[in-house]
Amino acid sequence: MKNEEIIQLISELSSADGVSGHEGSVASIVYKSLSSLADTISIDPLGNVIAIKKGFPKEGKEPVKLMLAAHLDEIGLIVSSLDSKGFLKVMPIGGVDRGIILGKKVWVHTKTGRIPGVVATRPPHLTTEKERNQLPDWDDIFIDIGLEGDRCSKLVAIGDVCTLQNEVVQLSGQFIAGKALDNRVGVASLILMLNHLKQMNHEVDVYAVFTTQEEVGFRGAITSAYGIWPEVAVAVDVGFAQQSGVNERLGKESGKGPVIAKGPNIHPQLEKSLIKMAQRERIPHQTEVIAANSGTDAWAIQVSRCGIPTALLSIPLGNMHSTAECCHLDDIRFTSKLLAEFVLRLSCDEVRRWQNVIIKPSINSRCKR
Ligand SMILES: [Zn+2]
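Residues numbered from 1 in each chain as written. Predicted model: local features only at pLDDT ≥ 70, side-chain atom pairs only at ≥ 80, totals over all residues. Heavy atoms only, no water.

Got a minute to help me understand the sheet that holds strand β7 (residues 113-120) in this structure?
Across a sheet, strands are paired by hydrogen bonds formed along the backbone, either parallel or antiparallel in direction. As summarised here, the arrangement of the six strands in space is β4-β5-β8-β7-β6-β9, forming a closed barrel in which the pairing is antiparallel. Ignoring which end each strand starts from, the neighbouring axes of this sheet average 45 degrees apart. (Pairing = 2+ DSSP bridges. Helix = DSSP H or I, 4+ residues; strand = E, 2+ residues; numbered from the N terminus. Axes fitted to C-alpha atoms, helices over the stretch in contact; angles between N-to-C directions.)

Looking at this structure, I do not really get the environment of isoleucine 43. What am I missing?
Within the secondary structure layout, isoleucine 43 lies in strand β1 (residues 40-43). It is 31 Å that separates the C-alpha atoms of isoleucine 43 and methionine 277, two residues lying 234 residues apart in sequence. Excluding anything up to four places from it in sequence, isoleucine 43 contacts Tyr31, Asn48 and Val49. (Contact = heavy atoms within 4.5 Å.)

Whenever I open this one, unusual backbone geometry confuses me. Can you help?
For residues besides glycine, phi is generally negative; the peptide bonds are generally trans as well. Across the junction of aspartate 182 and asparagine 183, the peptide omega takes the value 10 degrees, indicating a cis bond. Assignment of secondary structure puts asparagine 183 in helix α6 (residues 181-197). If you check the backbone angles, alanine 180 has positive phi at about 60 degrees while not being a glycine. Within the fold, alanine 180 resides in the loop between β11 (175-178) and α6.

I keep staring at the packing of aromatic side chains and nothing clicks. Help me out?
A ring pair, where both rings are aromatic, is described by two values, the distance of the centres and the angle of the planes. Summed over all chains, the structure comprises one aromatic pair. Look at phenylalanine 87 and phenylalanine 142: their rings are 4.9 Å apart centre to centre, the planes differ by 50 degrees, and that puts the pair in the tilted class. Here phenylalanine 87, found in strand β5 (residues 87-93), pairs with phenylalanine 142, found in strand β8 (residues 142-144); they are 55 residues apart in sequence, far enough to count as distant. The ring of tryptophan 107 carries arginine 114 above its face, with NZ or CZ at 4.0 Å from the centroid. When the ring centre of tyrosine 226 is taken as reference, the NZ or CZ atom of arginine 305 above it lies at 3.9 Å. (Phe/Tyr/Trp six-rings, centres within 6.5 Å; stacked < 30°, edge-to-face > 60°. Lys NZ or Arg CZ within 6 Å of the ring centre and 35° of its normal.)

Where do I start with the coordination of the zinc ion in this structure?
A metal bound by six donors in octahedral fashion has ideal angles of 90 or 180 degrees, whereas one bound by four tetrahedral donors has an ideal angle of 109.5 degrees. All of the protein donors around the zinc ion are His71 (NE2), Asp182 (OD) and Asp237 (OD); their distances to the metal are 2.1 to 2.4 Å. Along the chain, the residues donating to the zinc ion are arranged with the sequence spacing H-x110-D-x54-D. Of this pair, histidine 71 sits in strand β3 (residues 65-71) while aspartate 182 sits in helix α6; the two residues are 111 residues apart in sequence, bridging distant segments of the chain. (Donors = N, O, S within 2.8 Å, 3.2 Å for Na, K, Ca; no water.)

Please explain helix α2 (residues 24-33) as it appears in this structure.
Residues that lie three or four places apart on an α-helix share one face, since the helix turns once every 3.6 residues. Taken residue by residue, α2 has Val26, Ala27, Ile29 and Val30 as its buried positions. Buried residues of α2, seen end-on, are gathered within an arc of 160 degrees and therefore sit on one face of the element. Lining the buried residues of α2 we find α1 (3-15), β2 (49-53), α6 and β12 (205-211). (Buried < 20%, exposed > 50% of the residue type's maximum accessible area, 1.4 Å probe, protein only. Arc of directions from axis to C-beta.)

Please explain the packing of α1 against helix α10 (residues 329-345) as it appears in this structure.
To characterise two packed helices, one gives the angle between the axes of the helices and the distance between these axes. Remark: α1 packs on α10, axes separated minimally by 11 Å, with the N-to-C direction vectors making an angle of 90 degrees. Relative to α10, the element α1 is oriented roughly perpendicular. Within the contact between the two elements, α1 uses Asn3, Ile6, Ile7 and Ile10 and α10 uses Leu329, Ile332 and Arg333. Here the contact of α1 with α10 is composed, by residue class, of five nonpolar, one polar and one charged. (Parallel < 35°, antiparallel > 145°, perpendicular 65-115°, else oblique. Nonpolar A, V, L, I, M, F, W, Y, C, P; charged D, E, K, R; others polar.)

Would you mind going over the nonpolar core with me for this structure?
Most often, soluble globular proteins have nonpolar side chains that are buried together. In this structure, Leu13, Leu34, Leu66, Leu68, Met193 and Phe210 are the most contacted members of the largest nonpolar core, which totals 71 residues. For this core, the element with the most residues is α6, which contributes 10 residues. Once residues within four sequence positions are removed from consideration, methionine 193 is found in contact with Leu68, Val206, Ser336, Leu339, Ala340 and Val343. Among the nonpolar cores identified, the runner-up in size contains 20 residues, and Ile75, Ile115, Ile145 and Cys162 belong to it. (Core = buried A, V, L, I, M, F, W, Y, C linked by side-chain atoms within 4.5 Å.)

This is the structure:
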């Protein structure tokens, strides 16, 4: 896919609304873009979009399921009260940084559709010196939609959600910046992967799952992994890119490919298999150590049912959880290529071996299905 086509896809995904628990609009875009790429597409009760591309196991062999997960949702705000002058008090959904939302444009999603607003706070002239040196509390942040109290309360209700606005821009070089690239670039990588796999046969059944509510506790991953019960899974999300103030230990290089995680959240044989595949196909990649919770869907999927061998690919992202999240186009391309090659070469026998590989001498630890 050409750069322009990838930018077009990501722009469409980024501008779609999808605060955790309200992912309908971005889900419908994903659903449409999958129409010619999967055998079946469904949406489960929690809003997860599940696209299945059937595999062709060797004769007489049972198929196995590979779940590939990328979360659809984005951080945002929820209206907690309306004051008599028509200003909306809000609370964060997910990890919203108060330092970056001031002055930003938002959409307020009301019962009659979305209306524009701005995130406002008191002018600096009217704050104390102490207040000027710290971030305002949520109590001092409000949304102005330009309507007075009565008209505002007829339109906006407590519990309405707000999304941050920004359009994707192409920066010099191969970088793009915009809102919700966490994790719309992961979503785009799965769609591009399915494009690579079009009209190609593979052994395993591929379940591409576009999960909901990751930013508030991986809830879509929890229920979809339980429902699908895959034999193996890979989560695709964003990770920190190196940037000013983020050192080499915390951030990975943009443009150098997906980051393959190592650590207790990750199945060691699966991680090695991904690295081997990247080396064999000469796909740029990096590695990182995550000593505990990866903070991604991989964390939830791994402990579903009686345990699922899980890996994590992270796409380096600058300015995470801002409206100017920054990503290198090559990293999206390399991620989708690595996933596609992995799917094409993965055998059902190899996946079955991973079901009881950790304890040696291996015992049959596979739980009954
Ligand atoms: Zn994410």
